[in-house]
Amino acid sequence: MLPRGRPRALGATALLLLLLLFGFFLFREDLECERHERGGSGAFPCVLTPRIPLDGRPRGAAALDGDPQVDHRGHNRSDCVPPRPLPPKCELLHVAIVCAGHKSSRDVITLVKSMLFYRKNPLHLHLVTDAVARNILETLFHTWMVPAVWPQVSWIPNKHYSGLYGLMKLVLPGALPPDLARVVVLDTDITFASDIAELWALFAHFSGVILLQLDRLRQAGWEQMWRLTATQELLTLPATSLADQDIFNAVIKGHPGLVHPLPCVWNVQLSDHTLAERCYLEAADIKVIHWNSPKKLRVKNKHVEFFRTLHLTFLEYDGNLLRRELFGCPSPLPPEAEQLQQALAQLDEEDACLAFRQQQLTVHRVHITFLPHEPPPPRPHDITLVAQLSMDRLQVLEALCRHWPGPMSLALYLTDAEAQQFLRFVEASAVLSARKDVAYHVVYREGPLYPINQIRNVALAQALTPYVFLSDIDFLPAHSLYDYLRASIEQLRLGGGRKAALVVPAFETLHYHFRFPSSKAELLALLDAGALYTFRYHEWPRGHAPTDYARWREAQAPYRVQWAADYEPYVVVPRDCPRYDPRFVGFGWNKVAHIVELDAQEYELLVLPEAFAIHLPHTPSLDISRFRSSTTYRDCLQALKEEFHQDLSRRYGAAALKYLTALRQP
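Asker: Would you mind going over the overall build of the protein chain with me for this structure?
Answerer: Looking only at helices and strands, the protein chain features 24 helices and 19 strands. Here the protein chain holds 666 residues, and the buried ones make up 56% of them. Pairs at least 24 residues apart make up 79% of the contacts formed inside the protein chain by residues separated by at least 6 positions. With an accessible surface of roughly 28500 Å², the protein chain has 56% of that area assigned to carbon and sulfur atoms.

So this is what it looks like as structure tokens:
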């Protein structure tokens, strides 16, 4: 678990801009360095970082950007830095990041991973976001044990590819907590190659005045200064093209004494308009890589393969490995983490079902809306298809999108590396990339068993329509099912508070290629010809027998069926229906328990006469193979079922006795 003192981080634009501006309080001169250059007494040795480039001219970030901060001898004063110790081991370092939208929300995770990998200090990450990023990152950092976020306004018209929030760093002194004295501001598109404490230590170069830098900026009227400058610039520019960089450059032009550049190894910019290769002699000298070009990893640089490899390492790095305490820096755990540790400590190490118990308690990192998503417009009877899947089921997605034209909420159980493969898979598919009403949520893999109901609950919680179709990823719905279900909800007047679960009859084919029926009549013909079967007819007929397929063949109107033991139909229910029981991990009883819960809460089970979905064949999952081959696995599942019924009895009293009786029947 991450220590509590490390809240979280989001995106921003120029790594060094605020650091440069905070040089304002040096009153233009670095007196000690000047004294050294003049040969004065008491001077400290100037450490030239990075190493001298081939042309013999040391350069800092300002020199690379063309800012006039290099003196007549060609030395960048940011390289003249007195040796300073790293901050105390347990000192809390503050980092601010501005982040907006889905892509930046993904980028910031790689940034945070690179920081956490190298860091030896607690981190407090201040997140400034838009509404989209806030929803994503609050969920992600809460499940990753990292804290909260707050947004603020942007008011300047903007053409920068990062959008309006590319201007947010201008208002950070007002957006950050008023008692915060200093902060490192980062872009989402950077990758650390060293401990951020080294960067934090450079604050000491500002002779202590920087400890009050945010207060001083507020007192100096920073907001009025940049707004006045921006207003003047907008008289000649219809919109900014470089986000806040335009405003910073304009302020610096009018107030050249504001700037004190840092060594450029802390901001090696890989864009088309920088001279990054002059910043260092060896790639290993670099502290921070800044992918500040729309081309990102496709940018040209002689060391780009080295930089790209470093970035991709963190992109695909298992974030679970970064849930670690800092040695020697004790800090209280968040309440959720403390409760989790207590629950884990109470487990019996000799319990044959220990793996099941541990998997139930595992808190998985969750990245909601991993890809761009446009919520559907509100409609009274709209339905979201809800399902979960893993990497081996990606090939079904295109067909599912063709069969279901409505919104979908899909949760994927993936490793960090698989999440990037999934991203490329969607981007390469014209069908998938065109569907903005499909929300993909990544639940990061952890533990030996498949937490199927936890994954389902993530997808269910993110559905935005009044109703949900609780399906499995291997089922293709009838082409007309989406419209038919919405019409059925309206005709049955379910919106008036009637508690009903609409059953969609399930069928299966054993053929990988077959002609999908366009109507109930065609389906019945295939069923009679032996090309289709009722679902699990050969293996588990009890699972769907209560649907009463013989009655369905002739039905012209919805009909009610009664709950029976082991019944697990696919249903349409209101979005606020009971959640799946997370204790059921791996194979067995995960849907059955949910239908029991619906029946216990007195949902009617109504079978729809024109609805159907067909299961496609696939190789058996690892968990079903374990179930079939392991007596211990089956015994543990039985123990979970008994515990589930005990909980039902506590919640529903005598009404739950029928479930216990049914369980004990052969």
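Asker: Is there a simple way to think about the pattern of salt bridges in this case?
Answerer: Once their charged atoms are close, side chains differing in charge can pair, the charge on each being opposite to the other. If you walk through the whole model with that rule in mind, you get 33 salt bridges. Salt-bridge contacts for Lys-120 lead to Asp-195; the nearest nitrogen and oxygen are separated by 3.9 Å. With Lys-120 in the loop between helix H4 (101-118) and strand S2 (123-129) and Asp-195 in the loop between strand S4 (190-192) and helix H7 (196-201), the pair connects residues that are 75 residues apart, well separated along the chain. A residue is classified by how much of its surface remains accessible, and Asp-195, at 5% relative accessible area, is buried.

Asker: So what exactly am I meant to see when it comes to the packing of H4 against helix H5 (residues 131-143) here?
Answerer: Pairs of packed helices are described in terms of their axes, by the angle between the two and the distance that separates them. Between H4 and H5, whose axes approach to 8 Å, the crossing angle comes to 35 degrees. Helix-helix and strand crossings are classified by hand; for H4 and H5 the assignment is right-handed. For the pair formed by H4 and H5, the contact residues are Gly-101, His-102, Ser-105, Val-108, Ile-109 and Val-112 on the first element and Val-132, Ala-133, Ile-136, Leu-137, Leu-140 and Phe-141 on the second. Taken together, the residues of the contact of H4 with H5 break down into nine nonpolar, three polar and no charged.

Asker: I'm lost on the sheet that holds strand S19 (residues 613-615) in this one. Help?
Answerer: Consider a sheet: its strands pair through backbone hydrogen bonds, and that pairing is either parallel or antiparallel. Spatial strand order, S12-S19-S14-S15: four strands in an open sheet with mixed pairing. The open sheet has two edge strands with one neighbour each: strand S12 (475-477) and strand S15 (533-534). With three bridges connecting them, strand S14 (residues 506-508) and S19 associate as parallel partners. Paired with Phe-507 across the two strands is Ile-614, which belongs to S19.

Asker: Help me out: how do you make sense of helix H18 (residues 481-491) in this one?
Answerer: Each α-helix winds once per 3.6 residues, and so residues spaced three or four apart point in a common direction. Taken as a whole, H18 has its buried residues at Leu-481, Tyr-482, Leu-485, Ser-488 and Ile-489. Considered in projection along H18, the buried side chains sweep an arc of 130 degrees and stay on one side of the axis. Within H18, the exposed residues directed more than 90 degrees away from the buried face are Glu-490 and Gln-491. Following H18 by one or two positions, Arg-493 adopts a phi angle in the positive range, close to 55 degrees.

Asker: What am I meant to see in the nonpolar core here?
Answerer: Taken as a class, soluble globular proteins show a tendency for nonpolar side chains to be buried jointly. Leu-410 and Phe-422 are the most contacted members of the largest nonpolar core, which has 112 residues in total. In this view, Phe-422 contacts Phe-370, Leu-371, Met-391, Leu-394, Leu-397, Leu-412, Leu-414 and Tyr-440; residues no more than four positions away in its chain are not counted. Core analysis: the next-biggest nonpolar cluster, separate from the first, contains 47 residues, Val-95, Cys-99, Phe-141 and Ala-197 among them.

Asker: Any chance you could explain the packing of aromatic side chains here in plain terms?
Answerer: Each aromatic ring pair is summarised here by two numbers: the centre-to-centre distance and the angle between the ring planes. Throughout the structure, instances matching the rule amount to 25 aromatic pairs. Here the aromatic cluster, defined as three or more aromatic residues joined through ring pairs, consists of Phe-117, Tyr-118, Phe-314 and Tyr-317. Over the ring of Tyr-580 we find Arg-456; its NZ or CZ atom is 5.2 Å from the centre of that ring.

Asker: So what exactly am I meant to see when it comes to the side chain of His-290 here?
Answerer: Note that His-290 resides in strand S6 (residues 288-290). A polar contact of 2.7 Å, which involves the side chain of His-290, links it to the side chain of Asp-187. Here the side chain of His-290 touches Asp-189 through a polar contact of 3.2 Å, side chain to side chain.

Asker: Got a minute to help me understand the sheet that holds S6 in this structure?
Answerer: Reading across from one edge, S4-S6-S5 is the order of the three strands in this open sheet, with mixed pairing throughout. Each edge of the open sheet is held by one strand with a lone partner, namely S4 and strand S5 (268-269). Relative to S6, S5 is paired through two bridges, and the arrangement is parallel. Along S6, the bridge assignment pairs Gln-269 with His-290. Sheet strands touched by helix H11 (residues 304-315): S4 and S6. Its angle to S4, the strand with the most contacts, is close to 85 degrees.

Asker: I'm lost on H11 in this one. Help?
Answerer: With twelve residues, H11 ought to run about 16 Å at 1.5 Å a step, and its terminal C-alpha atoms sit 16 Å apart, in line with that. All of the buried residues along H11 are Val-304, Phe-307, Arg-308, Leu-310, His-311, Phe-314 and Leu-315. The buried residues of H11 occupy an angular sector of 160 degrees when the element is viewed end-on, so they sit on one face. Tucked into the core, H11 has its buried residues touching H4, S4, S6 and helix H15 (416-427).

Asker: Can you walk me through the environment of Ser-480 in this structure?
Answerer: With respect to the helices, strands and loops of the structure, Ser-480 is situated in the loop between S12 and H18. For Ser-480, a relative accessible area of 43% gives the class partly exposed. Distance from Ser-480 to Ser-518, taken between C-alpha atoms, is 8.1 Å for residues 38 residues apart in sequence.

Asker: For this particular structure, what's the right way to read the confidence of the model for the protein chain?
Answerer: Caution applies to low-pLDDT regions: their predicted coordinates should not be interpreted in detail. Of all residues in the protein chain, 73% have pLDDT values of 70 or greater, and the mean over the chain is 77. Long-range and interchain partners of residues 146-162, a stretch whose pLDDT sits below 50, account for 73 contacts in this model, where long-range means more than four residues apart. Taken as a whole, residues 206-212 scores under 50 in pLDDT and shows 13 contacts with residues more than four places along the chain or in a different chain.

Asker: So what exactly am I meant to see when it comes to unusual backbone geometry here?
Answerer: A positive phi angle is found at Thr-369, which is not glycine, with a value near 40 degrees. Assignment of secondary structure puts Thr-369 in the loop between strand S7 (366-367) and strand S8 (383-390). On the basis of relative accessible area, Thr-369 is assigned to the buried category, the value being 13%. Positioned with a positive phi, Arg-493 is a non-glycine residue whose angle comes to about 55 degrees. With respect to the element layout, Arg-493 can be found in the loop between H18 and strand S13 (500-504). The exposure class of Arg-493 is exposed, given its relative accessible area of 68%.

Asker: Help me out: how do you make sense of the environment of Phe-117 in this one?
Answerer: With respect to the element layout, Phe-117 can be found in helix H4. In this structure the C-alpha to C-alpha distance between Phe-117 and Gly-319, which are 202 residues apart in sequence, comes to 9.6 Å. In this view, Phe-117 contacts Phe-314, Tyr-317, Leu-322 and Arg-324; residues no more than four positions away in its chain are not counted.

The rules behind these values
- Residues numbered from 1 in each chain as written.
- Predicted model: local features only at pLDDT ≥ 70, side-chain atom pairs only at ≥ 80, totals over all residues.
- Heavy atoms only, no water.
- Helix = DSSP H or I, 4+ residues; strand = E, 2+ residues; numbered from the N terminus.
- Buried < 20%, exposed > 50% of the residue type's maximum accessible area, 1.4 Å probe, protein only.
- Contact = heavy atoms within 4.5 Å.
- Areas by Shrake-Rupley, 256 points an atom, 1.4 Å probe, with all protein chains shown as cover.
- Salt bridge = Lys/Arg side-chain N within 4 Å of Asp/Glu carboxyl O.
- Axes fitted to C-alpha atoms, helices over the stretch in contact; angles between N-to-C directions.
- Left-handed = near helix turned anticlockwise from the far one by under 90°.
- Nonpolar A, V, L, I, M, F, W, Y, C, P; charged D, E, K, R; others polar.
- Pairing = 2+ DSSP bridges.
- Arc of directions from axis to C-beta.
- Core = buried A, V, L, I, M, F, W, Y, C linked by side-chain atoms within 4.5 Å.
- Phe/Tyr/Trp six-rings, centres within 6.5 Å; stacked < 30°, edge-to-face > 60°.
- Lys NZ or Arg CZ within 6 Å of the ring centre and 35° of its normal.
- Polar contact = N/O pair within 3.5 Å; in protein donor to acceptor, adjacent residues only side chain to side chain.
- Expected span 1.5 Å × (residues − 1).
- pLDDT = per-residue confidence, 0-100.

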